[in-house]
Amino acid sequence: MQNGAPFSFERFTFPDLKTLLAKASPLRAGDLLAGLAASSDEERVAARFALAEVPLKRFLSEALVPYEDDDVTRMIIDDHDADAFEPVSSMTVGDFRNWLLTDDATPEALKHLAPGLTPEMVAAVSKLMRNQDLIAVAKKCHVVTAFRNTIGLPGHLAVRLQPNHPTDDPAGVAASILDGLMHGSGDAVIGINPATDSPEAMIELLKLIDEVRERIDIPTQSCVLAHVTTAIDVMARDAPVDLVFQSIAGTQKANESFGITQAMLAEAEDAAKGLKRGTVGNNVMYFETGQGAALSADAHEGIDQQTVETRAYAVARKYSPLLVNTVVGFIGPEYLFDGKQITRAGLEDHFCGKLLGVPMGCDVCYTNHAEADQDDMDNLLTLLGVARCNFVIGVPGADDIMLNYQSTSFHDAMYLRSVLGLQPAPEFAAWLRKMEILDQNGRTRPQLDGQAAQNLLAWSGAA
Amino acid sequence: MSNLTNKKIPSGLDPWNTLRAHTDARIGLGRVGDGLPTERLLEFQMAHARARDSVHMAFEPGTVRAGLDGVDQPILDVHSAASDRPTYLQRPDLGRLLDADSVTTLGKHAGCYDVAFILADGLSARATHDHAAKTLKLILDHLGESWSVAPITLATQSRVGLGDEIGAELGAKLTVMLIGERPGLSSADSLGCYLTWGPKRGRSNADRNCVSNIRPAGLTPEKAAKKIAYLMIESRKMGLSGVALKDNSSNPELIEG
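Keep in mind that this is a model prediction, so the values were computed, not measured.

(A) How the structure looks around the overall build of chain A. Regarding its fold elements, chain A presents 22 helices and 14 strands. Taken over C-alpha atoms, the radius of gyration comes to 22 Å for chain A, in line with the 23 Å a tight globule of 463 residues would show. If you line up chain A on its principal axes, its C-alpha atoms span 70 × 45 × 45 Å. Looking at the 463 residues of chain A, the share that counts as buried comes to 57%. Sequence-distant contacts in chain A: of pairs separated by 6 or more residues, those separated by 24 or more amount to 77%.

Below you can see the structure in the form of structure tokens.
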């Protein structure tokens with residue numbers, strides 16, 4: 001693969017595709033830190049004019065990281081589906097934006113197109129889109145996955161119940177699980193970030209969740225977010241693994257910094273599928289990503305933050321995940337400075353993932369040194385709800401006492417379902433009704449003195 | 001607020017009081033419709049306000065200097081190349097470099113020392129104001145006469161990596177940096193300690209040992225000082241720090257070493 005001619009608009013020139021994409025990207029701290037951002041607002045828009053004229057085909061002949069050097073590039077090129085690409089193959093990036101917004105871009109058309117798109121094409125078109133475009137098109141992309149329930153159906157919003165505890169104390173974790181279930185959270189997954197990444201700690205936490213799930217017959221899945229190699233280890237010891245977790249990124253070098261290879265992910269997927277623990281589907285992987293991850297590992301290969309993030313979704317797509325979560329504000333203000341940058345990044349990530357056919361959810365979150373607060377999170381959460389994000393995160397009171405950042409709460413998820421008329425995953429919603437947690441109008445109004453609540457409380461108190 | 005909570009409790013404001021004993025997580029908050037009761041809402045805002053104030057509070061080296069009363073060492077003020085807080089927050093690379101004046105200051109005290117202590121603002125000046133001087137004094141109490149200690153530096157707009165430059169300029173074999181950690185919602189005053197053997201520019205986190213969550217409600221300064229002194233002694237003995245240096249200080253047979 002060779003680079004083609006440079007790009008230009010008026011007095012501005014851009015030597016290659018990588019530079020053009022970086023300069024066209026909406027302003028954010030991480031691109032400034034990396035020295036990749038446009039040097040003026042005018043240069044940024046000039047880059048967009050030039051980018052709008054680039055044929056989508058150019059992305060198939062000019063790799064951002066050389067094919068020989070990077071296994072993510074090889075995956076993107078080798079897995080590209082030319083037949084699926086055909087309907088848009090003669091378009092420029094600007095044409096492509098126009099087409100995506102037309103009525104011709106139906107949910108069916110977008111679904112068939114997904115395998116024909118590369119992450120670079122998708123990142124490119126996102127840079128020409130306003131926030132409302134990102135929302136409008138993402139809403140048309142339906143990505144449905146299943147394990148013990150079905151996630152991503154139109155009209156539904158799932159929640160990951162995140163019951164973290166600084167020392168993995170079983171009673172503390174159980175108390176947070178109970179709190180989440182009573183607020184209608186937990187259909188995406190009950191997923192714990194362990195304080196210690198060891199096989200023994202992982203097995204103990206898996207057994208804890210599995211016990212309550214079986215005892216009260218909850219149609220959901222569990223995950224302990226340890227390293228993929230730890231999951232492979234405990235699966236060999238017959239631990240009750242539903243989903244295998246891994247953080248992933250958009251370059252080989254960044255993935256190496258996470259201690260992973262594509263072969264490991266394939267091995268883990270095979271092993272988890274082989275356990276046949278899913279009842280209504282068998283999507284067994286849970287991935288997390290986030291803008292800035294590659295740069296923080298000094299492995300961004302000179303690619304802008306948003307484009308390299310989108311390449312991570314190509315990695316995710318290969319392993320048919322149940323859930324992909326962009327943890328959008330976790331990394332800090334040197335990558336996403338304030339609420340405006342976090343909001344933009346959350347909408348971009350959701351749009352890009354969905355257009356590639358990835359089941360995107362979002363951890364709407366921030367740290368205390370970012371210029372953001374709960375009002376910013378309310379805004380992004382609501383926008384993602386309108387865009388029909390597959391799932392969001394539920395942490396007790398939005399305060400993760402283990403990872404020390406603010407995410408969204410069980411209450412926030414109730415608010416979002418309520419104002420937008422969204423329901424939990426259907427199998428989980430039926431269970432919530434049986435437990436008298438959802439009322440007849442689909443609102444979360446648990447009967448705290450009912451028998452179902454008492455059973456839950458008894459389990460939690462005993463844990 | 002007591003007027004509000006004493007009234008008849010709205011439906012949904014129930015709470016798993018017994019379960020709260022098991023976790024500091026914000027469970028059993030109750031609800032009003034789908035939302036948070038007013039008192040819970042304001043409690044969260046207060047916690048966030050305190051955390052943010054800790055991040056943005058100006059570092060006052062004078063406060064720390066006063067707390068070091070009785071410590072028989074020269075005390076030097078240094079500043080990173082990040083000129084102000086907004087720059088510091090967006091340019092972690094500049095927070096790891098000394099400004100020109102500081103290089104000159106340190107050069108005047110260059111020598112050959114066993115250890116250089118650095119008290120730095122990091123992401124919570126409040127943590128440094130409240131706990132750094134006390135923790136340092138406790139560490140010094142644990143060290144014997146055999147340690148040659150460099151002038152103590154008070155570092156403004158500092159990242160952890162700034163200690164590498166300071167240690168190298170002073171000519172110290174080991175640096176021990178006490179620095180404000182990124183505040184959590186319920187831990188706005190948490191101090192961290194980083195030990196680095198052979199400080200020089202380009203050291204990575206794998207080369208350091210970290211003792212975290214130093215605050216009265218977390219790892220107390222007394223316990224932290226004991227742990228840090230243990231690590232210092234072992235580091236000097238082995239001539240290294242980082243992943244190869246294990247913290248066995250909780251083993252009572254080893255702490256006397």
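(B) Representation of the overall build of chain B within the structure. When helices and strands are counted, chain B shows nine helices and six strands. Each of the three principal axes of chain B carries a C-alpha extent, and together these read 70 × 45 × 35 Å. The buried share among the 257 residues of chain B stands at 47%. Across chain B, every contact between residues at least 6 apart in sequence was considered, and the portion connecting residues at least 24 apart equals 70%.

(C) The arrangement of the environment of Thr408 of chain A in detail. All names here are of chain A. For Thr408, the position within the fold is in the loop between strand E14 (405-406) and helix H20 (410-420). Sequence-wise, Thr408 and Tyr366 are 42 residues apart; in three dimensions their C-alpha atoms are separated by 9.7 Å. In this structure, Thr408 is in contact with Val364, Met377, Leu381, Val392, Ile393, Gly394, Ala398 and Ala413, ignoring residues within four places of it in sequence.

(D) Summary view of the domain arrangement of chain A. All names here are of chain A. Here chain A is partitioned into domain 1 (7-140) and domain 2 (145-452). When each unit is reduced to the centre of its C-alpha atoms, the spacing between domain 1 and domain 2 is 27 Å. Those elements that provide at least two residues to the side of domain 1 that touches domain 2 are helix H1 (17-24), helix H2 (29-33), helix H5 (71-78), helix H9 (119-127) and helix H10 (131-140). For the side of domain 1 that touches domain 2, the leading source of residues is H10, giving six residues. Taken together, the residues of the side of domain 1 that touches domain 2 sort by class into 23 nonpolar, four polar and eight charged.

(E) Region of interest: the interface of chain B and chain A. On the chain A side, the residues contacting the 31 residues of chain B number 31 residues. When contributions to the side of chain B that touches chain A are tallied by element, the ones reaching two or more residues are helix H2 (17-20), helix H3 (38-56) and helix H5 (85-90) of chain B. Per-element tally for the side of chain B that touches chain A: the top contributor is H3 of chain B, with five residues.

(F) Representation of the environment of Leu123 of chain B in the model. Along the chain, the position of Leu123 of chain B falls in the loop between strand E2 (113-120) and helix H7 (125-142). When the C-alpha positions of Leu123 of chain B and Ser158 of chain B are compared, they lie 8.5 Å apart, and in sequence the two are 35 residues distant. Dropping the residues within four chain positions of it, Leu123 of chain B is found in contact with His369 of chain A together with Val55, Gly180, Glu181, Arg182 and Pro183 of chain B.

(G) Local environment of the nonpolar core. Ranked by internal contacts, the top residues of the largest apolar core, which has 156 residues, are Val244, Tyr286 and Val392 of chain A. Among the elements that make up this core, the one with the highest residue count is helix H11 (residues 170-182) of chain A (seven residues). Counting contributing residues per domain, this core is built from domain 1 (7-140) and domain 2 (145-452) of chain A, each supplying no fewer than three. Excluding its chain neighbours within four sequence positions, the residues that come into contact with Val392 of chain A are Val159, Gly361, Cys362, Val364, Leu381, Leu384, Thr408 and Ala413 of chain A. Listed in part, the 46 residues of the second largest apolar core include Leu98, Val115, Ile152 and Leu154 of chain B.

(H) Geometry of the pairing of strand E6 (residues 189-192) of chain A. All names here are of chain A. Burial along E6 is two-sided: Val189 and Gly191 and Ile190 and Ile192, pointing in opposite directions, are all buried. Crossover connection from strand E5 (residues 158-161) via H11 to parallel E6: handedness right-handed. Handedness of the β-α-β unit built from E6, helix H12 (residues 199-215) and strand E7 (residues 222-224) comes out right-handed.

(I) Region of interest: the packing of H10 of chain A against helix H18 (residues 339-355) of chain A. Residue and element names in this part refer to chain A. Following both chains from N to C, one finds H10 and H18 inclined at 35°, their axes separated by 9 Å at the closest point. Seen along the crossing, H10 lies across H18 with a hand that is left-handed. Within the contact between the two elements, H10 uses Asn131, Leu134, Ile135, Val137 and Ala138 and H18 uses Arg344, Leu347, Glu348, His350, Phe351, Lys354 and Leu355. In terms of residue class, the contact of H10 with H18 is built from seven nonpolar, two polar and three charged.

(J) View of the sheet that holds strand E6 (residues 208-214) of chain B. Residues and elements named next belong to chain B. Spatially, six strands are ordered E1-E3-E2-E4-E5-E6 in an open sheet, and the strand pairing comes out mixed. The open sheet has two free edges, formed respectively by strand E1 (75-79) and E6, since each of these has just one partner strand. Here the strands of the sheet are splayed against their neighbours by 20° on average, with no regard to which way each runs. Where strand E5 (residues 191-197) and E6 come together, five bridges link them in antiparallel fashion. Bridged to Leu195 within E6 is Asn209. This element, helix H8 (residues 162-170), spans E1, E2, strand E3 (152-156), strand E4 (172-180) and E5 of the sheet and lies at about 140° to E2.

(K) Structural view of unusual backbone geometry. A positive phi angle is found at Asp238 of chain A, which is not glycine, with a value near 65°. The topology assignment puts Asp238 of chain A in the loop between helix H13 (228-236) and strand E8 (244-247). The backbone phi angle of Asn213 of chain B is positive, close to 65°, even though this residue is not glycine. Given 16 C-beta atoms within 10 Å, Asn213 of chain B falls into the partly exposed group.

(L) Just the pairing of strand E11 (residues 360-363) of chain A, in detail. Residues and elements named next belong to chain A. Across the two faces of E11 the burial is the same, with Met360 and Cys362 and Gly361 and Asp363 all buried. As judged from the four bridges shared by strand E10 (residues 323-327) and E11, these two strands associate in the parallel manner. Of the residues in E11, the one forming a bridge with Asn325 is Gly361. In the classification by handedness, the crossover that spans E10, the intervening H18 and the parallel E11 is right-handed.

(M) Spatial organisation of H7 of chain B. Residues and elements named next belong to chain B. For H7, which comprises 18 residues, the first-to-last C-alpha distance of 25 Å matches the rise-based estimate of 26 Å (1.5 Å per residue) to within 8%. In H7, a bend of some 45° at His131 exceeds every other bend along the element. Buried within H7 we find Ala125, Arg126, Ala127, Thr128, His129, Asp130, His131, Ala132, Ala133, Thr135, Leu136 and Ile139.

(N) Spatial organisation of H10 of chain A. Those residues of H10 of chain A that fall on the buried side of the exposure criterion are Leu134, Ile135, Val137, Ala138 and Lys140 of chain A. Next to the buried residues of H10 of chain A lie helix H7 (93-101), helix H8 (107-113), H9, H18 and helix H19 (374-386) of chain A.

(O) Broad picture of the confidence of the model for chain B. Residue and element names in this part refer to chain B. Mean pLDDT over chain B stands at 89; residues scoring 70 or higher make up 91%. This stretch, residues 1-13, has a pLDDT under 50; its non-local contacts, to residues over four places away or in other chains, come to ten contacts. Within the model, pLDDT remains below 50 along residues 252-257, and this stretch shows six contacts once partners closer than five positions in the same chain are excluded. As scored by the predictor, the complex reaches a pTM of 0.91 and an ipTM of 0.93.

(P) Quick look at the packing of H7 of chain B against helix H9 (residues 221-238) of chain B. Residues and elements named next belong to chain B. Here H7 crosses H9 at 50°, and the two axes come no closer than 8 Å. The angle between H7 and H9 places the two elements in the oblique class. Here H7 runs over H9; the crossing is right-handed. The residues of H9 that touch H7, namely those facing His131, Lys134, Thr135, Leu138, Ile139 and His142, are Pro221, Glu222, Ala224, Ala225, Lys226, Ile228 and Ala229. Looking at the contact of H7 with H9 residue by residue, the classes come out as seven nonpolar, three polar and three charged.

Rules and cut-offs
- Residues numbered from 1 in each chain as written.
- Chains lettered and ligands numbered in written order.
- Predicted model: local features only at pLDDT ≥ 70, side-chain atom pairs only at ≥ 80, totals over all residues.
- Helix = DSSP H or I, 4+ residues; strand = E, 2+ residues; numbered from the N terminus.
- Rg over C-alpha atoms; globule rule 2.2 N^0.38 Å.
- Buried ≥ 20, exposed ≤ 12 C-beta atoms within 10 Å, placed from the backbone.
- Contact = placed C-beta atoms within 7 Å.
- Domains from an automatic or database assignment.
- Nonpolar A, V, L, I, M, F, W, Y, C, P; charged D, E, K, R; others polar.
- Core = buried A, V, L, I, M, F, W, Y, C linked by C-beta atoms within 7 Å.
- Right-handed = clockwise from strand over helix to strand, strands pointing away.
- Axes fitted to C-alpha atoms, helices over the stretch in contact; angles between N-to-C directions.
- Left-handed = near helix turned anticlockwise from the far one by under 90°.
- Pairing = 2+ DSSP bridges.
- Expected span 1.5 Å × (residues − 1).
- Bend = angle between axes of the 7 residues up to and from the residue.
- pLDDT = per-residue confidence, 0-100.
- Parallel < 35°, antiparallel > 145°, perpendicular 65-115°, else oblique.

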